[in-house]
Amino acid sequence: MLTPSDKTLDTLNFDNRFTRELPADPALANHRREVTGACYSRVKPKKMANPALVAYAREMAEALGFSPETCESERFTEIFSGNRLLPGMDPYAMCYGGHQFGNWAGQLGDGRAINLGEVVNQHGNRWALQLKGAGPTPYSRMADGFAVLRSSVREFLCSEAMFHLGVPTTRALSLVTTGETVMRDMFYDGHPQQEPGAIVCRAAPSFTRFGNFQILAARGETEILKQLADYTLRTDFPHLVQSSGEISKETILAWFDEVCQKTAEMIVHWMRVGFVHGVMNTDNMSILGLTIDYGPYGWIDHYDPNWTPNTTDAQGRRYRFSHQPQIAQWNLLQLAYAIHPLVGETEPFEASLNQYAQTYESQWQLMMAQKLGLKTYDPESDESLISDLLSLLQMLETDMTIFFRNLAHMDLNGTPIKEVTDDALMTPLLEAYYGSDPLSETHRTKTTAWLRQYLTRLQTDGLENDIRRKKMNAVNPKYVLRNYLAQLAIDKSEQGDHTMVNDLLEVLRRPYDEQPKNEQYAKKRPDWARTRAGCSMLSCSS
Ligand code: AMP
Ligand code: MG
């Protein structure tokens, strides 16, 4: 007997355009290989021993028309662990290449991600569903195709946290454990261990990456490159395609320009919330400007623009917080090289890349002005106001999230700035400082001087306190997925207790709201987490 939940799942409306319209790898055997002349390979998820649901994301489930009962059904777990394929599915792994840490790495591809197909929901929205950690594919190279619970918890929670923060991102529907173990050498120190295996079902309008174009260009497969570009325009950028359906050079250039703009917007959001991706290789850059592939990412605790969470990146710090805007531009340049054969000219690409820098700069300024509660960015006063603040934040370990959140508490209640004491000025911010020592005299003097400058600027702006506070609270989150919180949730999950994963998921649904019952999740990083793996640094092992 099929339950109503089973029916909902079994009648999902699949429309698999990617596999229908693009060239497939003719070989069906699942062994590691170079796949040429194709955009993907058909491959089935591996059957898992004993899948169990850890968590699902309510909003994503709703977007697919799933009720809580449906998500909690046995069939749901079977499907999203890859153990049951539905008739409309057409599972495949994508072929892509990429630059890793600045060097061309050749073919990479979905080594452990298997796309189940594309669902069109009741509103006509398209969601490609993808299992990460579902077993080997032709693109698995030397690795096993699986994912461990710790990295899956991190990907699952962060995808949804970013969504609720308003940051463009791929989404996560579900997290399951597989009932199997996976061998990982987490510290790359020759001590591999068995870890619990897990699968995240990711969702996005499309998972196409810069690297999908790069691999075709690198191989000189210009005809397929053109097909993939045409396809991407028609499916992901339909507003750019003329009614005749013709895709001209101008269309390709308008598309590249839009990818530059979308990428700039995404990076401005990362800088706003203090997110460091950690592995901005070109295969981890979405053509839709979505944050994709949550690996050794991290959240800025104390404000340090040079911080990178990725231990593999500790030497060069290529992917450090402050470098993300430049790296995105470098990655866009690689995309430009890849699609250049479709256009043949160079100047228009250069213009878009320059425009990227300008868009980024002006949007970043506006974003920073918003974080400070200003109506708009006034270069006269705000350039130095902002750069002075950023230097101050680095002088003494200062929690980025708490500092900006608490800045909204500044309220003179009509007292003239000159008459406010330094103590009164500092009080709302004290919570943001790490270290047990009281602030040094120098730091205190500099901070209060900056605060007086800031308050004077607010007065010229003339926004009412309440309105300013509301606006600031809408861009300065109270709750982010602090590295140590994710690690605590992982520690519990690895013991079979998934409550904290679900608690965090719930808290992070409303990151800008005050949640009096959840204050503990807004606390700054405790001292023990400063040097613990997973809390301050992460390896790529996942
Ligand atoms: P990343 O930069 O971590 O997103 O991954 C780089 C490449 O390695 C991608 O092609 C992944 O599919 C592949 N990869 C990472 N981990 C595994 C794994 N455990 N098994 C197979 N392929 C993997
Ligand atoms: Mg990747």
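One can find the structure itself at the top, above this paragraph.
Rules of the game
Residues numbered from 1 in each chain as written. Chains lettered and ligands numbered in written order. Predicted model: local features only at pLDDT ≥ 70, side-chain atom pairs only at ≥ 80, totals over all residues. Heavy atoms only, no water. Helix = DSSP H or I, 4+ residues; strand = E, 2+ residues; numbered from the N terminus. Rg over C-alpha atoms; globule rule 2.2 N^0.38 Å. Buried < 20%, exposed > 50% of the residue type's maximum accessible area, 1.4 Å probe, protein only. Areas by Shrake-Rupley, 256 points an atom, 1.4 Å probe, with all protein chains shown as cover. Lys, Arg positive; Asp, Glu negative; His and termini not counted. Charge placed at Lys NZ, Arg CZ, Asp CG, Glu CD. Salt bridge = Lys/Arg side-chain N within 4 Å of Asp/Glu carboxyl O. Near = heavy atom within 4 Å. Polar contact = N/O pair within 3.5 Å; in protein donor to acceptor, adjacent residues only side chain to side chain. 1 Å grid on protein atoms, 1.4 Å probe; cavity = no way out; pocket = protein on both sides within 12 Å on 5 of 7 lines; lining within 4 Å. Sits in = over half its atoms within 2 Å of the grid points. Pairing = 2+ DSSP bridges. Contact = heavy atoms within 4.5 Å. Points joined across faces, edges and corners; volume = space filled by probe spheres on them. Domains from an automatic or database assignment. Donors = N, O, S within 2.8 Å, 3.2 Å for Na, K, Ca; no water. Expected span 1.5 Å × (residues − 1).

A. Representation of the overall build of the protein chain. A count of helical and extended segments in the protein chain gives 18 helices and eleven strands. For the protein chain, whose C-alpha radius of gyration is 24 Å, the value lies close to the compact-globule estimate of 24 Å for 542 residues. Counting every position in the protein chain, which comprises 542 residues, the buried fraction comes to 59%. As displayed, the protein chain has an accessible area near 21700 Å², and 52% of this comes from carbon and sulfur atoms. Of note, the protein chain has its 54 positive side-chain charges centred 3 Å away from the centre of its 66 negative side-chain charges.

B. Quick look at the pattern of salt bridges. Evaluation of the coordinates by the stated rule reveals 39 salt bridges. When the shortest N-O distance is used, the salt bridge between Asp 491 and Arg 532 registers 2.9 Å. Of this pair, Asp 491 sits in helix α17 (residues 483-494) while Arg 532 is found in the segment after α18 (499-507), placing the two residues 41 residues apart along the sequence. Arg 532 gets classed as partly exposed once you look at its relative accessible area, which sits at 32%. Put simply, Arg 510 and Asp 513 hold a salt bridge, and the shortest N to O gap is 3.3 Å. Look at Arg 510 and you get partly exposed, because its relative accessible area is 38%. A residue is classified by how much of its surface remains accessible, and Asp 513, at 33% relative accessible area, is partly exposed. Within the structure, one salt-bridge network assembled from shared partners comprises Asp 15, Arg 17, Arg 20, Glu 118 and Arg 126.

C. Representation of the site of ligand 1. In the vicinity of ligand 1, 17 residues are found, and the nearest of them are Gly 109, Gly 111, Arg 141, Gly 145 and Asp 293. In this structure, a nitrogen atom belonging to ligand 1 sits 3.2 Å away from a side-chain N or O atom of Arg 184. Between an oxygen atom of ligand 1 and a side-chain N or O atom of Asp 293, the distance comes to 3.1 Å. For ligand 1, whose unbound accessible area comes to 480 Å², protein coverage reaches 82%. In a pocket analysis with a 2 Å cut-off to the grid points, ligand 1 is assigned to the largest pocket.

D. Layout of the pairing of strand β5 (residues 103-107). Looking at chain direction, strand β4 (residues 97-100) and β5 are connected through three bridges and run antiparallel. The partner of Gly 97 across the bridge, within β5, is Gln 107. Connecting the antiparallel pair β4 and β5 is a turn made up of two residues, with Phe 101 showing a positive phi of about 50 degrees.

E. Main features of unusual backbone geometry. Positive phi is not limited to glycine here, since Arg 141 has a value of about 45 degrees. For Arg 141, the position within the fold is in the loop between β7 (126-132) and α6 (149-165). Despite not being glycine, Asp 293 has its phi angle at roughly 65 degrees, a positive value. Note on placement: Asp 293 falls in the loop between β10 (275-276) and β11 (298-299).

F. Quick look at the side chain of Asp 236. On the secondary structure map, Asp 236 appears in helix α8 (residues 222-236). There is no salt bridge for the buried Asp 236, and the closest opposite charge comes from Arg 17, which lies 5.3 Å off by N-O distance. At a separation of 3.0 Å, a polar atom in the side chain of Asp 236 contacts the side chain of Ser 206. With residues up to four places along the chain from it excluded, the contact list for Asp 236 reads Pro 205, Ser 206, Thr 208, Tyr 231, Ile 287 and Leu 288.

G. A look at the layout of surface pockets. Of the pockets and cavities examined, the largest pocket occupies roughly 970 Å³. Residue assignment for the lining of the largest pocket shows that the elements contributing at least two residues are α6 and β9 (193-204). When residues in the lining of the largest pocket are grouped by element, the largest group, three residues, is from α6. Formed jointly, the lining of the largest pocket draws a minimum of three residues from each of two domains, domain 1 (4-207) and domain 2 (211-370).

H. Region of interest: the coordination of the magnesium ion (ligand 2). Here the magnesium ion (ligand 2) is held by Asn 284 (OD1) and Asp 293 (OD), and the distances to it run 2.0 to 2.2 Å. On the basis of relative accessible area, Asp 293 is assigned to the buried category, the value being 12%.

I. Inspection of helix α11 (residues 347-371) at higher detail. Over its 25 residues, α11 runs 36 Å from end to end, which matches the ideal 36 Å to within 8%, given 1.5 Å per residue. What α11 keeps buried is the set Phe 349, Ser 352, Leu 353, Tyr 356, Thr 359, Tyr 360, Trp 364, Gln 365, Met 367, Met 368, Ala 369 and Lys 371. Looking at the buried side of α11, the elements it contacts are α9 (249-273), α10 (324-339), α12 (379-395), α13 (400-407) and α16 (465-473). In the segment just after α11, Gly 373 is the residue with positive phi, at about 80 degrees.

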